[in-house]
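One letter stands for each residue in the lines below.
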Amino acid sequence: MTQLTDAFARKFYYLRLSITDVCNFRCSYCLPDGYKPHGVANKSFLSLDEIRRVTRAFASMGTEKVRLTGGEPSLRRDFSDIIAAIRENPEIRQLAVTTNGYRLARDVKTWREAGLTGINVSIDSLDARQFHAITGQDKFHQVMAGIDATLAAGFERVKVNTVLMRDVNHHQLDTFLHWIKDRPIQLRFIELMETGEGRSLFQKHHVSGKVVRDILLSRGWVHQLRKRSDGPAQVFCHPDYQGEIGLIMPYEKDFCSSCNRLRVSSVGNLHLCLFGEQGVALRDLLVQDDQQEALEARISHALNHKKQTHFLLDGNTGITQNLSFIGG
Ligand code: SAM
Ligand code: SF4
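Residues numbered from 1 in each chain as written. Chains lettered and ligands numbered in written order. Predicted model: local features only at pLDDT ≥ 70, side-chain atom pairs only at ≥ 80, totals over all residues. Heavy atoms only, no water.

1. Here we look at the overall build of the protein chain
Rules: For helices the rule is a DSSP run of H or I covering at least 4 residues; for strands it is a run of E covering at least 2, with both sets numbered from the N terminus onward. The globule rule used for comparison is 2.2 Å times the number of residues to the exponent 0.38, while the radius of gyration itself is calculated over C-alpha atoms. Exposed residues in this analysis have more than 50% of their type's maximum accessible area, buried residues have under 20%, and partly exposed residues fall in between, with area computed by a 1.4 Å probe over protein chains only. Note on contacts: a residue pair is in contact if any heavy atoms of the two residues lie within 4.5 Å. Calculation of accessible area relied on Shrake-Rupley with a 1.4 Å probe; when residues are assessed, cover is drawn exclusively from the protein chains displayed. Residues scored as charged are limited to Lys and Arg (positive) and Asp and Glu (negative), so that His and the chain ends carry no count. Where a charge sits is defined by one atom per residue type, namely NZ (Lys), CZ (Arg), CG (Asp) or CD (Glu).
Helix and strand counts for the protein chain come out as nine helices and twelve strands. Relative to the globule expectation of 20 Å for 328 residues, the C-alpha radius of gyration of the protein chain, 19 Å, shows essentially globular dimensions. Counting only C-alpha atoms and orienting by the principal axes, one finds that the protein chain spans roughly 55 × 45 × 40 Å. Expressed as a percentage of the 328 residues in the protein chain, the buried residues total 54%. Within the protein chain, contacts between residues at least 6 apart in sequence are counted, and of these 72% link residues at least 24 apart. Accessible surface, the protein chain as shown: approximately 14700 Å² in total, 50% of it carbon and sulfur. For the protein chain, the centre of its 42 positive side-chain charges and the centre of its 37 negative side-chain charges are spaced 1 Å apart.

Here it is as structure tokens:
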């Protein structure tokens, strides 16, 4: 088996696959005006067969973990079929989804039966009114019920993504810590990232995860080691807490040196970095099963062009207008 490796000897075990751009939430930092079609004629999202083919190629090149994202991935009517199709690859031992959680309470059991192994839910506030203000949806209680349903369905833990924002939630650390004290939740603070459309919001609300890290370390939280297909979070644990805290700090020096992931957008473009350029079209090689060899060759070749780092610190956000476009 060829293990995908780039020019900087980074190995890629992890694929983040966006299956739709559409979303029913209007998060202030992502789609503040709601989802709008891009106006590209005949644009359709990857079909079930195309998803099957692209993940088969990645699996045969060493991918162990796939995360489904979007947009809101659970808006796809064939979401359970997508899960089952990806799990046909025995190499893919972990299959997770990042979701806004609105369908969890209703569907999580079915997803687990189809083969899903991990759930990340995005929750930026533990206050129902503030949650509504951030997401444009009055669904806080529905999402919280979804977390309970996820644990009841047999998932051993749930990861929660919280975008850290100055004057919105950065001063609520104790509320979050209280929440995870007796719950098997890994709560991950993600630093707000600058996007093409989100510049002024970024300037107003970005705060470094270091603020949280310093508090955690001063209170006896311990930094844990990372495994090879883990995501980018620095994870901290504490003997008095059942839950864990993760910090995702893309602005920190050396964030990119441990990069182990690649992205495929909902229209089938390979993106070497969340903040890269146009992407390499794969769709013409997803038409038939017998194109797999050519597909693998194109993916391997593209990797030679993966850059050492993103250029976010220079204010260069690449083509990423907002994160619903290729999935956060
Ligand atoms: N709709 C799903 C959700 O919200 O979980 C999946 C897609 S969403 C783009 C994936 C993750 O990216 C979410 O956790 C979201 O909070 C995060 N995100 C979106 N825009 C962001 C930004 N500008 N900075 C940091 N995180 C962002
Ligand atoms: Fe939708 Fe997720 Fe973006 Fe919120 S962060 S608008 S839920 S895609």
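There's plenty left to go through after this.
2. A closer look at the site of ligand 1
Put simply, the rule reads: A cutoff of 4 Å decides nearness: a residue is near a molecule or strand if any of its heavy atoms lies inside that distance of it. Two N or O atoms count as a polar contact when they lie within 3.5 Å, although within protein this holds only if one can serve as hydrogen donor and the other as acceptor, and sequence-adjacent residues are included solely when both atoms are side-chain atoms. Residue polarity follows a fixed list, in which Ala, Val, Leu, Ile, Met, Phe, Trp, Tyr, Cys and Pro are nonpolar, Asp, Glu, Lys and Arg are charged, and the others, Gly among them, are polar.
Around ligand 1, the surrounding shell holds 18 residues, and the nearest of these are Y29, G71, S122, N161 and M193. Note that an oxygen atom of ligand 1 is positioned 3.1 Å from one of the side-chain N or O atoms of Y29. In this structure, a nitrogen atom belonging to ligand 1 sits 3.2 Å away from a side-chain N or O atom of E72. Burial of ligand 1 by the surrounding chains reaches 96%, relative to a free accessible area of 550 Å². Elements with a minimum of two residues in the shell around ligand 1: strand 3 (94-99), strand 5 (158-164) and strand 6 (185-191). Of the residues that constitute the shell around ligand 1, the class distribution is seven nonpolar, nine polar and two charged.

3. Remarks on the pairing of strand 9 (residues 244-248)
Note the following rule: Paired strands, as defined in this entry, are two strands with at least two bridges between them according to DSSP.
Taken across its five residues, strand 9 has five buried, putting it largely inside the fold. Because side chains alternate across strand 9, one face comprises the buried residues E244, G246 and I248, and the other comprises I245 and L247, equally buried. Here five bridges tie strand 6 to strand 9, and the two strands are oriented parallel to one another. Considered in strand 9, the bridge of I190 is made with I248.

4. Quick notes on the environment of H178
Inspection of the secondary structure puts H178 in helix 6 (residues 173-180). On the basis of relative accessibility, which here comes to 63%, the residue H178 falls in the exposed class. The sequence separation of H178 and Y241 amounts to 63 residues, and the corresponding C-alpha distance is 8.9 Å.

5. Some words on the packing of helix 2 (residues 79-86) against helix 3 (residues 104-114)
Under the convention used in this document: In this analysis, axes come from line fits to C-alpha atoms, helices being fitted only over the stretch in contact, and the angle between any two N-to-C directions falls in the range 0 to 180 degrees. When an angle is under 35 degrees it counts as roughly parallel; over 145 it counts as roughly antiparallel; between 65 and 115 it counts as roughly perpendicular; any other value is oblique. If you view the pair so one helix is near and one far, a crossing is left-handed when the near helix is turned anticlockwise from the far one by less than a right angle, and right-handed when it is turned clockwise.
One can describe the packing of helix 2 onto helix 3 by two numbers: an axis separation of 8 Å at closest approach and a directional angle of 25 degrees. Judged by the angle between their axes, helix 2 and helix 3 are roughly parallel. Two packed elements cross with a definite hand, and for helix 2 against helix 3 that hand is right-handed. Judged by residue contacts, F79, S80, I83 and A84 of helix 2 engage T110, W111 and A114 from helix 3. Per-class residue counts for the contact of helix 2 with helix 3 are five nonpolar, two polar and no charged.

6. Some details on the sheet that holds strand 2 (residues 65-69)
Backbone hydrogen bonds hold the strands of a sheet together, and the pairing may be parallel or antiparallel. Strand order across the open sheet formed by twelve strands is 7-8-9-6-5-4-3-2-1-10-11-12, with mixed pairing between neighbours. Looking at the sheet topology across the chains shown, the edges are occupied by strand 7 (222-223) and strand 12 (280-281). When strand 8 (residues 234-237) meets strand 9, the two strands line up antiparallel, connected through three bridges. Of the residues in strand 9, the one forming a bridge with V235 is G246. This element, helix 5 (residues 140-152), spans strand 4 (118-122), strand 5 and strand 6 of the sheet and lies at about 150 degrees to strand 5. Packing against the sheet, helix 8 (residues 210-218) makes contact with strand 5, strand 6, strand 8 and strand 9, and its axis sits at approximately 30 degrees to strand 8.

7. Quick notes on the pattern of salt bridges
Put simply, the rule reads: For this analysis, a salt bridge means a side-chain nitrogen from Lys or Arg found within 4 Å of a carboxyl oxygen belonging to Asp or Glu.
Using the criterion set out here, one finds 14 salt bridges in the structure. Across the salt bridge formed by R56 and D289, the nearest N and O atoms sit 3.7 Å from each other. Of this pair, R56 sits in helix 1 (residues 48-60) while D289 is found in the loop between strand 12 and helix 9 (292-303), placing the two residues 233 residues apart along the sequence. Taking the relative accessible area as the measure of exposure, D289 reaches 46% and is therefore partly exposed.

8. Observations regarding the packing of helix 3 against helix 5
Look at helix 3 against helix 5: their axes get within 8 Å of each other, and the N-to-C directions meet at 25 degrees. Considered as vectors, helix 3 and helix 5 are oriented roughly parallel to each other. The two elements helix 3 and helix 5 meet at a crossing, and its hand is right-handed. Taking contact as the criterion, the partners of L104, A105 and V108 in helix 3 are, on helix 5, Q142, A145, G146, I147, A149 and T150.

9. Notes on the nonpolar core
Note the threshold: Side-chain atoms within 4.5 Å link the members of a nonpolar core, which is a set of buried Ala, Val, Leu, Ile, Met, Phe, Trp, Tyr and Cys residues.
Residues L17, L68, I123 and W179 are the most contacted members of the largest nonpolar core, which totals 91 residues. Residues within four places of I123 in sequence aside, it is in contact with F131, V143, M144, I147, V160, N161, T162 and W179.

10. As for unusual backbone geometry
Despite not being glycine, D167 has its phi angle at roughly 65 degrees, a positive value. Take D167: it is sitting in the loop between strand 5 and helix 6. For D167, a relative accessible area of 58% puts it in the exposed group.

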